[in-house]
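Spelled out from the first residue to the last, the chains are:
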Amino acid sequence: MSEPAEPVSTRPPDTLPSICAEDLAVGFLIRYHGTEVTLRESFVRLLDRFSRNGDRQSRWSQYFWALRGVNFAAYPGDIVGLIGRNGSGKTTLLKALAGIVGADRGRVTVRGKVGCLMSFGVGFKNNLSGRENVFINGSILGLSQKEIQRRMPDIVAFAELGRFIDAPVRTYSAGMKGRLGFAIAVHIDPDVLLLDEVLAVGDAVFRAKAGSIVDRFRSEHKTVIVANHSIGLIRKVCNKAVWLDEGTIRMQGDAATVTAAYAAEYHVEQDAN
Amino acid sequence: MPSVEPQAEGRAAPPRLRPYLRSLYARRETIRFLTISGLQAGHRDKILGNLWNILDPLLYMLVYYVVFGILFALAGAGKTIQFMLYIFVGVLTYRFIESTISQAANCVRGNRGLIHEINFPKAVFPISVVLARLYDFVLGLAILIVFLLVARVWPTAQYLWLPLLVASAVLFTLGASFIVAYLGAFYADTSNVVTVVMRLLFYCSPIFYFVRTVGGFEAMRAFRRESIRAIYMLNPIAGYLESFRDALLWGSAPDYGTMLYIVLISVLVALAGLALFARGEGKFAKYV
């Protein structure tokens, strides 16, 4: 089931990909925690670290490749679904595409502004109000205070927060944080939107709203990349899909084909969810 | 499982300094928001609130006065107010440097959430820590000047050195914060080390004693007093304290050698810190 390195595309050849990864590899140094570490052991560990500074494989730590040799491109108007089992590298790929995690090898090219939502509200400062957090996040994403102010009513309305926008984020429910994060990611007008497992969370009303946003992005020829476990959802909203397996791309192409192969591999119900 | 050997670290070309500074300038609003939130967040739940920014150094000054001015009788007869002012300059300046560097040790780890969520120049964190503490420092200096006026220590032309001294202290603190924040991102042990080092510097700086007493002890007879003092003055914090006191309290021009030294050190530390931080920040998300 090896795939050609050249990504499948229905666009004319002169269209440049809005986001692409070439021979991308990302590794992590994993430090193991000993269960019963004695003083002597931690000393040995320390010496170990100094004597082996070239070679990073040791009893205590290991270099782990979360992604290897990933070639991938998405074009304007593409809605790409990322599927794969837990730990297959979906989140790492999204983080590498967003530039949050640097590439150890290969490179990532992005044309335009990237908006991303990696998790529900982890990036918020708990003691600040929702409004203050919108200002911090918005300014980090490159918006001026005026631009943020202009978008604020839309963000508050989209997140359905009402006057809670001025309450500290620590008082928010998980759903409220998630809606606010999604509202910010969408309202900075990104050209590429990266979503990690967030479409499936939230209530039905919010999911419908999120779905309509994805449709709007498609019609505006923007790119959305969604990591999701739901084959049904990926079939419904995506035109392309990428199947990640242990850090490499197992298969990519047309969403229906890839999800069918994925479902067959793991004997899961194709119309699940 | 990893069949591919990891490449040497730092393979990605380190960002050039000028574009990095430009990208930081583009985030000036972020820095402003983080600074303001850093100023407010610390004291929001307290009854006295932001008053603590002023109360803290004042109370510390009183503590040192009681211990060293009264118990150790360092103040000298009839010089209570002078000794208090002397300590206050020391406490203000030292606290600015110390609290900034201590906070910087955790500023990357403390913003783990944001770092995993969005890509941006992480230097906004140490910079906003420095700016928040600088606000306290300048406020403290203003209060100090009021005290000086009350004590009839009138302003002199030496006040003109203050902008240069403050700028140099800010550069030094900023550079040290970059270095400590960089180390803190990779090693959680950093804050422990910083605490101990800052404690050492606290005792090795003329906060509650006088430089002229340094090296004057029997046990140090084997060394020339001047050489001991020269080594002592290598600590830039000592240089800042002495220069600030010259300009504010004694109304004399700061020692030019000391000034040159602290300005040079501060520029060097700032450049080294920024270069180190900019080079390492791409890896932060993997470690914190």
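Chemist: Before we move on, could you go through the environment of N239 of chain A and cite the residues and values that matter?
Modeler: Residue and element names in this part refer to chain A. Its place among the elements puts N239 in the loop between α7 (231-237) and β8 (240-245). The spacing of N239 and R218 is 21 residues in sequence and 10.0 Å in space, taken between C-alpha atoms. Dropping the residues within four chain positions of it, N239 is found in contact with D78, I79 and A255.

Chemist: Break down helix α6 (residues 124-150) of chain B for me, with residues and values.
Modeler: When the terminal C-alpha atoms of α6 of chain B are compared, their 39 Å separation across 27 residues agrees well with the 39 Å that a helix rising 1.5 Å per residue should span. The positive-phi residue at the C-terminal boundary of α6 of chain B is R152 of chain B, with phi of around 60 degrees.

Chemist: Could you give an account of the sheet that holds strand β6 (residues 192-196) of chain A, naming the residues involved and the relevant values?
Modeler: All names here are of chain A. Judged by pairing direction, the sheet is mixed, and its six strands sit side by side in the order β5-β6-β7-β3-β8-β9 without closing on themselves. In this open sheet, the two edge strands, each paired with only one partner strand, are β5 (114-117) and β9 (248-254). In this sheet, adjacent strand axes meet at a mean angle of 15 degrees when their direction is disregarded. Note: strand β3 (residues 79-83) against strand β7 (residues 223-227), four bridges, orientation parallel. Bridging from a neighbouring strand, G81 pairs with V226 of β7.

Chemist: Tell me about the confidence of the model for chain A, and please be specific about residues and values.
Modeler: Residue and element names in this part refer to chain A. The share of residues in chain A with pLDDT of 70 or more is 85%, and the mean pLDDT across the chain is 83. Summarising per-element confidence for chain A, the mean pLDDT is lowest in helix α1 (residues 39-51) (71) and highest in β8 (94). In this model residues 1-9 is a low-confidence stretch, pLDDT under 50, and it forms 13 contacts with partners more than four residues away in sequence or in other chains.

Chemist: Tell me about the environment of Y64 of chain B, and please be specific about residues and values.
Modeler: Residues and elements named next belong to chain B. If you trace the backbone, Y64 turns up in helix α3 (residues 52-71). Assessed through the 21 C-beta atoms surrounding it within 10 Å, Y64 is described here as buried. Sequence separation between Y64 and T30 is 34 residues, and the spatial gap between their C-alpha atoms is 38 Å. Apart from the residues within four sequence positions on either side, Y64 is in contact with I87, V91, I207 and F208.

The rules behind the values
Residues numbered from 1 in each chain as written. Chains lettered and ligands numbered in written order. Predicted model: local features only at pLDDT ≥ 70, side-chain atom pairs only at ≥ 80, totals over all residues. Helix = DSSP H or I, 4+ residues; strand = E, 2+ residues; numbered from the N terminus. Contact = placed C-beta atoms within 7 Å. Expected span 1.5 Å × (residues − 1). Pairing = 2+ DSSP bridges. Axes fitted to C-alpha atoms, helices over the stretch in contact; angles between N-to-C directions. pLDDT = per-residue confidence, 0-100. Buried ≥ 20, exposed ≤ 12 C-beta atoms within 10 Å, placed from the backbone.

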